[in-house]
Structures are given as structure tokens and as C-alpha cells.
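# Structure at a glance
One-letter residues, chain by chain:
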Amino acid sequence: MSYQNLRVEEHDRIVHLTIDRPKALNALNAQTLHELNQFFGTDYRDRTNIHGVILTGSGDRAFVAGADIKEFMEVARDGNGQAMAHRGQEVFARIENFHRPVVALVNGFALGGGCELAMACHLRIATENASFGQPEVNLGIIPGYGGTQRLNQYIGKGKATELILTGNRIDAEEAHRLGLVNYVLPRKEAAQKAIDLLTLIGTKGPVAVQQSIRAINAYYSNPAGYGTEAEAFGATTRTSDFEEGASAFVEKRIPNFKGE
Ligand code: CAA
């Protein structure tokens, strides 16, 4: 398949996958999610002759700045917020369960759906300018692509709750200190580290690598948690607070929430 919003290059059995919407800070619209699903679920699903995938964002400002707010305002108005969350969760689960390791090379903002995407990858390497957060409360909604489930897994319930309730951003060093990322490095070294890790893993038994991924994930699967998240995401997208929060984002102003 040819992609509109993904760039795919392959060198020495490593696939470099870049989300390519730099004007929108690589925000995930429906087309991009569709293409990620196509890549991980179909096009590369049976590609056993690769060491792994390095997933990054185009440009030097953002990995992914979240779900595409402008687009999903419409989805929410049509009452399809819950279905949208289920769809995102499904695509990210394909990444989490991919048969070869996926390394997120986080080269800037990883916010909302972007932080959730990085967390669905097996390993995370951050450049020094990277930042992380789940800022959905600023829009009057909650994370919908697994953030309420996976952030706890990496940094513990207390800190995850703080980040989700405040919408605060953390820098790469803090993310490293908390265990959210494996390494923080200058940009060139970060890219090389991702290659080195996948090359090393590529020397190990492929079946062992695949089964390790499967067994690790088994411990963390909780369908009820993801189901509750999607339902709660859908509920918040039906509020007038979300209409206000998303409008405030587009109009670049502070929202005035009413709790309705
Ligand atoms: N969706 C759509 N467009 C986005 C976007 C997003 N998530 N994030 C940034 N953009 C667009 C901006 O609208 C802007 O476009 P224009 O040039 O047309 O105005 C462009 O990218 C550059 O962004 P800014 O001008 O805002 O750049 P900045 O440097 O002032 O701020 C930022 C950068 C802090 C990342 C800011 O853009 C921001 O806060 N973005 C939104 C982050 C966010 O809330 N993410 C969560 C989305 S909801 C979600 O993801 C739910 C889920 O779990 C599924």
C-alpha cells in the first residue's frame, strides 16, 4: 500500500517509520490511524525478516501532538467518541503485540495520543527536547487511546493520576527518571541508539523475542480497563465542556469550563 501520512524506509533489516504531518505537529487523524493499522496489521504483519521498527515524527518539534483535535471535534459532534477510542485502542494494541520490537524515537512533543502511541511501543528513546503528557483535561476530555491504562504501568498509579488530572507536561529527563523512557540522548545519538538496540535484538532468537513480547503483554492486558476508558472518553466528548475546550484550543484561548 502507498501511504499519505507515513514514510517508510528500510535499511539493514530495520524499518524506519515516520508520521509525516509536521504542520499539524504530526497529530493523528483518522487517515494516519488507518495507515498505522495497515502497516502493523497487514503490510508488515508477516514480515519476519526484519529486526524491528523505529517509529518517529517528522520535523524537529513533535513526535505526535495527540489525536487531531480539529478533526475529532466533528467525530464527537456526531456522537462517535466512544467508537473513535475503541478504534485507536485497537490500532495501538496491534503495535504493542507486533511480532518484532517497535522503538518509539520521541523527537519532541508526545502529548495525548502521542504519549499513548509511544507507550504502545516496546521501547522509548527520547531526544533531549522531548516532552510527554496527557493534556486531555485541558480540552474537557480524558485520554482515549490507552493512556489511563498504560501510563500507570510505566510510572505507577500516583504519578500517572497526577499527570492525567493536571494535564501537566514533563520533560525528557523527568520521563527518564520516572521510567517512562529507556534513554534520553541528543538527536543523532538517540537515532543511533534505536538502531543499535534493534540490531542487538536481531541477533537473538526471533521466536524467543516474539514470545517474550507476548508473555510480557499478557500480564498487562485488562479489557475492562480499556473498555471503561473508551466509554468514559465517549461520555466526555458529548459534554459542552469538550465543545468549549476544543474551541478554545482552535481559537488559542483559555477554556471556560462549566462542568456540563
Ligand atoms: N490536533 C490538531 N492540530 C494540532 C494539534 C492536535 N493535537 N496539536 C497541534 N496542532 C496544530 C495547531 O493547531 C497549529 O496549527 P495552525 O498552525 O494551523 O494554528 C500547529 O499544529 C502548531 O501548533 P501550535 O501553534 O499550537 O504550536 P505551539 O508551539 O504554540 O504549541 C503544543 C505546541 C503545546 C503541542 C500545542 O500545539 C498543543 O497543546 N497541542 C495539543 C496537544 C493536545 O492537547 N493533545 C491531546 C489531543 S486529545 C487526544 O489525544 C485524545 C486521545 O487520547 C485520543
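Throughout what follows, the structure given in this document is the object of discussion. Being a predicted model, the structure only gives us computed values, none of them experimental. (Residues numbered from 1 in each chain as written. Predicted model: local features only at pLDDT ≥ 70, side-chain atom pairs only at ≥ 80, totals over all residues. Heavy atoms only, no water.)

### Description of the overall build of the protein chain
Selection criterion: For helices the rule is a DSSP run of H or I covering at least 4 residues; for strands it is a run of E covering at least 2, with both sets numbered from the N terminus onward. Any residue under 20% of the maximum accessible area for its type is buried, any over 50% is exposed, and the rest in between are partly exposed; the area is computed with a 1.4 Å probe on protein chains only. Contacts: residue pairs with any heavy atoms within 4.5 Å of one another. Note that His is not counted, nor are the chain ends; the positive residues are Lys and Arg, and the negative ones are Asp and Glu. Each charge is placed at NZ for Lys, CZ for Arg, CG for Asp and CD for Glu.
Scanning the protein chain from N- to C-terminus turns up 11 helices and 10 strands. Within the protein chain, the fraction of its 260 residues that count as buried is 52%. Residue pairs in contact within the protein chain that sit at least 24 positions apart in sequence constitute 73% of those at least 6 positions apart. Taking the average place of the 27 positive charges on the side chains of the protein chain and the average place of its 30 negative ones, the gap between the two points comes to 4 Å.

### Looking at the pairing of strand E2 (residues 14-19)
Side-chain direction in a regular strand flips from residue to residue, so the side chains alternate between the two faces of the sheet. Note the following rule: Any two strands with at least two DSSP bridges between them are considered paired. Here the term right-handed applies to a crossover when the path leading from its first strand over the helix to its second strand runs clockwise, the strands being oriented away from the viewer.
For E2, a buried count of five out of six residues is recorded, marking the element as mostly surrounded by other parts of the structure. Pairing analysis gives six bridges linking strand E1 (residues 6-11) to E2, with the strands arranged antiparallel. Residue Glu9 lies in a different strand from E2, and its bridge partner there is His16. In this sheet, strand E3 (residues 52-57) lies alongside E2 in parallel orientation, the contact comprising six bridges. Note on E3: the bridge partner recorded for Ile14 is Gly52. Following the chain from E2 across helix H1 (residues 30-43) to the adjacent parallel E3, one finds a crossover that is right-handed.

### A word on the sheet that holds strand E9 (residues 169-171)
This is how it is decided: Under this scheme, a helix contributes an axis fitted over its contacting stretch, all axes are lines through C-alpha atoms, and angles between N-to-C directions fall in the 0 to 180 degree range.
Taken together, four strands build an open sheet; the order of strands is E4-E6-E8-E9 and the sheet is mixed. Each end of this open sheet is capped by a strand with a single partner; those strands are strand E4 (62-64) and E9. Ignoring strand direction, the axes of neighbouring strands in this sheet form an average angle of 20 degrees. For E4 and strand E6 (residues 109-111), the ladder comprises two bridges, and the chain directions are parallel. Along E6, the bridge assignment pairs Val64 with Ala110.

### Considering the pattern of salt bridges
Put simply, the test is: Salt-bridge detection follows one rule: a side-chain nitrogen of Lys or Arg within 4 Å of a carboxyl oxygen of Asp or Glu.
Under the counting rule described, the total for this entry stands at 13 salt bridges. For Asp46, the salt bridge is made with Arg45, and the minimal N-O distance between the two is 3.6 Å. Accessibility expressed as a relative area gives 57% for Asp46, which makes it exposed. Arg150 is the partner of Glu96 in a salt bridge, and the nearest nitrogen-oxygen pair spans 3.0 Å. Note that Glu96 is positioned in helix H3 (residues 81-96) and Arg150 in helix H5 (residues 147-155), a separation of 54 residues in sequence. Across the pair, Arg150 and Glu96 agree in class, each one buried.

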